[in-house]
Amino acid sequence: MKFTSSIVCAVAALAASANAFAPQGRQASSTARFATVEETATSQVERNENFAKLAGGYLFPEIGRRRNAYLEKNPEMADRIISLGIGDTTMPIPPHILNGLVEGAKKLGTADGYSGYGAEQGQGLLREKIAKVLYNDLIDASEVFVSDGAKCDIMRVQQMFGTKVVSAVQDPSYPVYVDTSVMMGQTGTQDEKTMQYDNIVYMKCGPENGFFPDYASLPRADVVYLCSPK
Amino acid sequence: MSSICAPPSKLSSIFLVAPASHFCFFLAPISNNYTHVFDLSEISVLNSNPTGAAATKEQLTEMVKLCKERGSILVFDAAYAPFIRSDNVPKSIFEIEGAKDVAIEVNSFSKYAGFTGVRLGWTVVPAGLKFKDGSLVRDDFNRVMTTAFNGASNIVQAGGLACLDDEGQKEINELIDYYLENAKILRTTFEELGYAVHGGTDAPYIFVELPESIGGSWDAFSMILEKSQVVTIPGAGFGPGGEGFLRLSAFAPRDSVIEACNRLKETMKLD
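Since the structure is predicted, the reported quantities are computational estimates derived from the model, not experimental observations.

Student: So what exactly am I meant to see when it comes to the overall build of chain A here?
Tutor: Assigned secondary structure in chain A consists of eight helices and five strands. Of the regular secondary structure in chain A, the N- to C-terminal order runs α-α-α-α-β-α-α-β-α-β-α-β-β. Of all 230 residues assigned to chain A, the portion counted as buried reaches 39%. A sequence separation of at least 24 residues applies to 45% of the contacts in chain A between residues at least 6 apart.

Next comes the structure, spelled out in structure tokens:
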């Protein structure tokens, strides 16, 4: 922590000079942005009003922030912290799968194996294998879009649906469905009492309904987000 | 956590006479009355599914049917599918008849093979799924992908292929077994302490019901952090309906899970 704060000081001092944004390490330059945020002039660009509706930060960074705040007060506890918070995997990638990655990288160093831009939808063979191995051919390879992850795809799905749809989410649920709906402008503001955003259908899930939503008894939504298991 | 229960027939008479969402959502001005609409979202009708966090075939069949009737598109997030071990719990929405008419499925290798940092996922958009004007959803999704994405890393896709051959599948199953065993340890710990616990079977998370004496779920989060240095997630972080719950993840190494449970046995002891 001390190291980081000394960088902040150094960068803050630099910021007073005209060379504040000279190329630096990634850590330092991102710190510089935050360190000088109050000193830079205001632009003439209106803030996207939808982002102003978002309450607080995204959940998982907020958890991290609180953890760090605790550790700043109790630095002696740093070694004792155990995270059962965010669902982040901890076991190493098994050898066969790792080898797939390594060989994939090695190919790029050969004239025959090198490839540049690939199909935006993913490699044909991978799409076929997903359809076959994971879906028993219930779906066709042409229906599979390979990406960098489910969270990114949820935002892409939202971009496709646009601003005018009404989304329904399980409550409680993965925060991404709600936050992306807000960012897209599908919602109103958050009610201070209920903590719910206007224009989202919250599908209550609890022990009383086996954590499965009773969509039939709720207003219709255009897009229903359902995560199972969750 | 207030959950009002009312007979479904009463609800239908209030809401389903209104044509789709246009009444409730788009055209209605935001007024004081508007919030009453959302009070209803707290209403839940009792049923007796004991599985906790993973939906059964019957539940998903009903959901698909409903979405079809109401003209909704279902976005099914199956990122935790490999944790499913029960027979009656579908791993994909496309195991449900008629799902291709209403559903999109998003998924990921993150939890299959420890690819949270490697980054590889996929989305299935059925060829026949259509918007109201008859245009194909897949065409528009393809447009998003080709315009705003350049394809997953070729290195990572090679890793994805390794996940899908026999040896890769075996490795994935072993990894999942390991995390499921963690989930079981967590679940048993809280059950033995006398808490009601949900999830932890067919899923890598457990959801613990908190007694009111503990305060809100953020209070519980802080108390546990301060007293046992274990980081959890307060249920309220997943939406207002999560208040009164605490979520714990089974993704830590085994030693850490056991150590955390030992500490929680002290911290979370019920009087």
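Student: Can you walk me through the environment of Lys132(B) in this structure?
Tutor: Residues and elements named next belong to chain B. By secondary structure assignment, the location of Lys132 is in the loop between β3 (121-124) and α6 (137-148). Of the residues examined, Lys132 has 7 C-beta atoms within 10 Å and is grouped as exposed. Between the alpha carbons of Lys132 and Gly71 there is a distance of 8.6 Å; along the sequence they are 61 residues apart.

Student: Is there a simple way to think about the interface of chain B and chain A in this case?
Tutor: A common way to express how large an interface is: the accessible area buried when the components associate. Of the residues lining the interface, 119 residues belong to chain B; the matching set on chain A comes to 103 residues. Per element, the largest residue contribution to the side of chain B that touches chain A is nine residues, and it comes from helix α7 (residues 154-163) of chain B. Here the residues of the side of chain B that touches chain A are counted per class, giving 67 nonpolar, 38 polar and 14 charged. With four bridges connecting them, strand β2 (residues 144-147) of chain A and β3(B) associate as antiparallel partners. Directly across from Val144(A), in β3(B), lies its bridge partner Val124(B).

Student: Looking at this model, I keep getting lost on the domain arrangement of chain B. Mind explaining?
Tutor: All names here are of chain B. Split by domain assignment, chain B resolves into domain 1 (1-46), domain 2 (51-163) and domain 3 (174-267). On a C-alpha basis, the centres of domain 2 and domain 3 stand 28 Å from each other. Domain 2 puts 13 residues into the contact, and the matching count from domain 3 is 10 residues. When its residues are assigned to classes, the side of domain 2 that touches domain 3 shows eight nonpolar, three polar and two charged.

Student: Can you walk me through the packing of helix α9 (residues 217-228) of chain B against helix α10 (residues 254-267) of chain B in this structure?
Tutor: Describing two packed helices takes the angle between their axes plus the distance from one axis to the other. All names here are of chain B. It is at 10 Å that the axes of α9 and α10 come closest, and there the two elements cross at 110°. The orientation of α9 relative to α10 falls into the category roughly perpendicular. As for the relative orientation of α9 and α10, their crossing is right-handed in sense. Contacts from Ile224, Lys227 and Ser228 in α9 reach Arg263, Leu264 and Thr267 in α10.

Student: For this particular structure, what's the right way to read the sheet that holds β2(A)?
Tutor: By definition, the strands of a sheet pair up through backbone hydrogen bonds, in either a parallel or an antiparallel sense. The seven strands lie next to each other as β2(A)-β3(B)-β2(B)-β1(B)-β5(A)-β3(A)-β4(A), forming an open sheet whose pairing is mixed. What marks the edges here is a single partner per strand, and that holds for β2 and β4 (200-204) of chain A. Across the sheet, the axes of successive neighbouring strands diverge by a mean angle of 20°, strand direction being ignored. Relative to strand β1 (residues 73-77) of chain B, strand β5 (residues 223-227) of chain A runs parallel, the two sharing five bridges. For Tyr225(A), the partnering residue across the bridge sits in β1(B) and is Val75(B). In the packing of helix α6 (residues 124-134) of chain A onto the sheet, the strands contacted are β2 of chain A together with β3 of chain B, and the crossing angle to β2(A) comes to about 115°.

Student: Looking at this structure, how should I read the sheet that holds strand β5 (residues 205-209) of chain B?
Tutor: Residues and elements named next belong to chain B. Reading across the sheet, the four strands line up as β4-β5-β8-β7 and stay open at both edges, with antiparallel pairing between neighbours. At either margin of the open sheet sits one strand with a lone partner, and together these are β4 (197-199) and β7 (233-234). Here β7 pairs with strand β8 (residues 245-249) via two bridges, running antiparallel. Its bridge partner lying in β8, Pro234 is registered against Leu246.

Student: When you look at the nonpolar core in this model, what are you seeing that I'm missing?
Tutor: Most often, soluble globular proteins have nonpolar side chains that are buried together. Among the nonpolar cores identified, the biggest contains 119 residues, and Val224(A), Leu74(B) and Val75(B) are the most heavily contacted of them. Among the elements that line this core, the one with the most residues is helix α8 (residues 166-193) of chain B, at six residues. Setting aside its immediate chain neighbours within four residues, Val224(A) contacts Ala168(A), Tyr215(A), Cys67(B), Ser72(B), Leu74(B) and Val75(B).

Student: When you look at the pairing of β8(B) in this model, what are you seeing that I'm missing?
Tutor: For a regular strand, side chains alternate in direction, first toward one face of the sheet and then toward the other. All names here are of chain B. Most of β8 is tucked away, with five of its five residues classed as buried. Here β8 shows two buried faces, one formed by Phe245, Arg247 and Ser249 and the other by Leu246 and Leu248. In this structure, β5 lies alongside β8, joined through five bridges in antiparallel fashion. Paired with Tyr205 across the two strands is Ser249, which belongs to β8.

Calculation rules
- Residues numbered from 1 in each chain as written.
- Chains lettered and ligands numbered in written order.
- Predicted model: local features only at pLDDT ≥ 70, side-chain atom pairs only at ≥ 80, totals over all residues.
- Helix = DSSP H or I, 4+ residues; strand = E, 2+ residues; numbered from the N terminus.
- Buried ≥ 20, exposed ≤ 12 C-beta atoms within 10 Å, placed from the backbone.
- Contact = placed C-beta atoms within 7 Å.
- Nonpolar A, V, L, I, M, F, W, Y, C, P; charged D, E, K, R; others polar.
- Pairing = 2+ DSSP bridges.
- Domains from an automatic or database assignment.
- Axes fitted to C-alpha atoms, helices over the stretch in contact; angles between N-to-C directions.
- Parallel < 35°, antiparallel > 145°, perpendicular 65-115°, else oblique.
- Left-handed = near helix turned anticlockwise from the far one by under 90°.
- Core = buried A, V, L, I, M, F, W, Y, C linked by C-beta atoms within 7 Å.

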